[in-house]
Structures are given as structure tokens and as C-alpha cells.
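Descriptive analysis of the structure
As a plain string of letters, each chain reads:
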Amino acid sequence: MSDERDFGIAAYFTIKDYKTCGYLRIGSILSPAGCGWPAFTSLHLRPCFLADHDNWQTHLWLLPVQQSDRHHFVPKLLLRPWLVEQDGQRNLHGYWWNTKTHNQKLACKKRGLEAFCFKLDLLSLRAHKLGRDAIERVFFGEIDRKGAQARDLLLENGPAKLSSERRVDFARLLLSLEARRPATVKRVRTDGRDYFAKELNTDRQILAAMAEHGVVETPSDYVENVLGVSLEDKALAGIQRLIDNPAVGNVLINAHWDLKKLGLSDGSFVLSDRPLIRIHGYNSPGATWVLPLTPEVAFFAVNHAANLAKLRSVPAHRFAKETNKSSALQTECFVFSADLHHEVWLGKYLRQKTRATAAPDGGGEPCGSKSGVRHHGGPTSSSLRPKSWRPG
């Protein structure tokens, strides 16, 4: 249709100034000029080698010098509304199921924003001219900054008044929540590096060039040991394309967006450390996205107009109950609540997480984080869906 928004154009040209904060390039697989070593210019991996910019150095002064090794997989902007003020301090109340005690029970960790939803060196590179934390600080930093602005406008004015650019900003924030999960990052690092190595080691042109020069190492070893290019860094850089993916982004920003607001008697939303709830694949007519934004307001998006009408008709208290159940069932470890009354039911659902977990006080490692990646929602798909809802 003529007024359809374009995620690709908006994300790549309208919004992002790639002279200052675009895709991060992670080296080139090329041999030094004139040295006689084989040049891997024919490598068929170029889509994953991200665009370069001549004036990166010009804009380095815009970036903070201090590097961080504490990388949050749930941005603090989403956690902040669940802070609870008590005894002059503002802390998150993170509920988790403690399996390390003799009598397993619901436990609550009360700490500040910095104490939750992080993993040390989650997105750290081995080396980069902008710092080892360039992906976390530059790429995801921009997503969080613009996503927070879009979130604020969404809460203030509703989705109808969001510009196309702001819709893209918020969509990128949503897509980033699954992309930066520790399980996803781990898989990108390992599977991506293995893929690059396999492509190098089976490329006949590269193998012939190395044999001609008497190089006995495998191409992947040569690239890493001689050329000094980290294949794992190259794989990790590709995580940026999981977010700026026009195939998914175009569908999401053109979906039907709305907010579900709770009244005084409707209860409140909890937030899990895997905050985004997804039902069905992104291009399915029944696709649904739900993200609690505050204890009183949740965002949702659906592909089909009939499902928009059905979700709007769901009573607010029921929507909150089913959303909270979904959040608890798909959590990695913590569920955040600003209301004590959620303690009554949280244990029932967190107890179903039968993972052997370490006590979370030791750091930001998610309890029992698994290495698998689920692309079409968690085990909670049916819990959020109203009984009478049939995808349109």
C-alpha cells in the first residue's frame, strides 16, 4: 500500500548517520600489500563484513574513552520503571526460584539497576579501534538511546502519533532484546566463527593460492594467526544484522500497535529478564509482540487487524494476568515486581523452571541460561492468547 513504512530505508538512511554510529567493521581479510602472501579477496562472506567509513577517526571525540565490560542484555531503560523506593533507596525486587537451599523456595534479590541483567564481556571484541566494547557502547548504545526516546513518546501520546522514524527506533529496540540475549550471543560467536572457518578452509581458490605460496596452515588458522583477524569478532559483528533486518523490521513497523493500560483495580505488570513476549513467527497473521513498559502499561503489536480488535476487547486485568504468566514462564532467572502481592503466585510458575541454577548474588549470569535460541516465542505462546482468540 502507498503509506507502508519502510524499515530498511528508514533505518539505513533516514535515521542512522553512519558517519558517526553505523555498522562496525571488524577488519579485512586481505594480505599486506606487496608481501607476496595470498590475498583473500574472493572470500564469499562479504555480506557479513560490515560497511566501513572513511571518517571514523574524525568522530572518535564523540565517544567515551572509558570501556565497560559489564554489558546489559536487558537495557536499564526498561528496568527503571520497576524500581521500588524503600528506606531512602531505589532498588529492583528481582524474584527467582532458589534451588540451592534444602527447601527450594521463592527468593527476592533487592539491588540497584547495575546488579541485574548483565554479563561480563557479553559483547566484547578481542580488538577494535573504538574499543573492545564498541558493539555494546556504540551500536547498542544508540539503539537504547533512540529506543528510550521513542518509548517516552509512545507512553505520552500513543502509537498513532509516532513518526515513521520513531517507530523504527522502537522496533529496533524490540528486535535487540532477543539478539543480545546471552544464549543468542553465544550461538552467534560459536556458530558464526565455525561457519567462517569452514568457508575459508573449503574455498578452492584460497587453498590453491596458499599451496602455491607453500603455506601449510589451514586458511582459517592463517587468517587468525598471521593476518591477525579474529573470526569470532567477525561473527559477533554480524549480530548487528539480526536487528537491522528489513525483512523482519518492515513487518513489525507496519503491524498494528497499541497500548494496554491498567486501572487501579487491574493489578500490575511484572517484567522478566527476558522481557519481550512473542507469539508465532514475525510474518504469521497471528504474530503478536508484547512488552511491558511500566507496571501500568504494556505495548503490544499484531499483524492482523482482527487480532487488534480482539486484544483491545480483552479486559485489562485478564490481559495483565496472562502477560505476567507468560513473563514468569519464559524468564531466564529474575522476574521484577513493584507489588508485593505478586509473591503469592510467582513461585508457582518459577518453580516450573527446573534448571539447576547458581545463586544470582555472584554476578549477572542468568540462572541456568540455555544455549538454544527460540525464534517464535517461548513456552508461553498459548498462555497470553485469549481463549476466544483465533488468528485472523
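Our subject is the structure that appears above.
Predicted model only: the values in this text are computed from it and were never measured.

**Quick word on the packing of helix α13 (residues 316-330) against helix α14 (residues 343-350)**
- Look at α13 against α14: their axes get within 9 Å of each other, and the N-to-C directions meet at 45°. Compared by their axis directions, α13 and α14 come out oblique. Handedness of the α13/α14 crossing: right-handed. Contacts from N324, K325, A328 and L329 in α13 reach W345, L346, Y349 and L350 in α14.

**Regarding the nonpolar core**
- If you look at the biggest cluster of nonpolar residues, it comprises 67 residues, and the most contacted ones within it are F170 and F299.
- At eight residues, helix α5 (residues 164-179) tops the list of elements feeding residues into this core.
- In contact with F299, not counting residues within four places along its chain, are L154, F170, L174, W257, D258, L259, W289, V290, L291 and L293.
- Counting residues in hydrophobic clusters, the runner-up holds 12 residues, among them A197, L200, I206 and V223.

**Structural notes on the packing of aromatic side chains**
- A full pass over the atoms with the stated rule returns 12 aromatic pairs.
- On the basis of an interplanar angle of 90° and a centroid distance of 6.2 Å, the ring pair of F269 and F319 is categorised as edge-to-face. Placement of the pair is F269 in the loop between β6 (256-261) and β7 (271-272) and F319 in helix α13, with a sequence separation of 50 residues. Across this residue pair, the class does not change: F269 and F319 are buried.
- Every member of this aromatic cluster is reached through a ring pair, and the members are W96, F116, F334 and F336.
- Lying across the ring of F116, K109 places its NZ or CZ 4.8 Å from the centre.

**Focus: α5**
- In a regular helix each residue adds 1.5 Å, so 16 residues correspond to 22 Å; α5 covers 22 Å between its end C-alpha atoms and thus fits that length.
- Of all 16 residues making up α5, 13 are buried, and the element is well covered by its neighbours.

The rules behind each value
Residues numbered from 1 in each chain as written. Predicted model: local features only at pLDDT ≥ 70, side-chain atom pairs only at ≥ 80, totals over all residues. Heavy atoms only, no water. Axes fitted to C-alpha atoms, helices over the stretch in contact; angles between N-to-C directions. Helix = DSSP H or I, 4+ residues; strand = E, 2+ residues; numbered from the N terminus. Parallel < 35°, antiparallel > 145°, perpendicular 65-115°, else oblique. Left-handed = near helix turned anticlockwise from the far one by under 90°. Contact = heavy atoms within 4.5 Å. Core = buried A, V, L, I, M, F, W, Y, C linked by side-chain atoms within 4.5 Å. Buried < 20%, exposed > 50% of the residue type's maximum accessible area, 1.4 Å probe, protein only. Phe/Tyr/Trp six-rings, centres within 6.5 Å; stacked < 30°, edge-to-face > 60°. Lys NZ or Arg CZ within 6 Å of the ring centre and 35° of its normal. Expected span 1.5 Å × (residues − 1).

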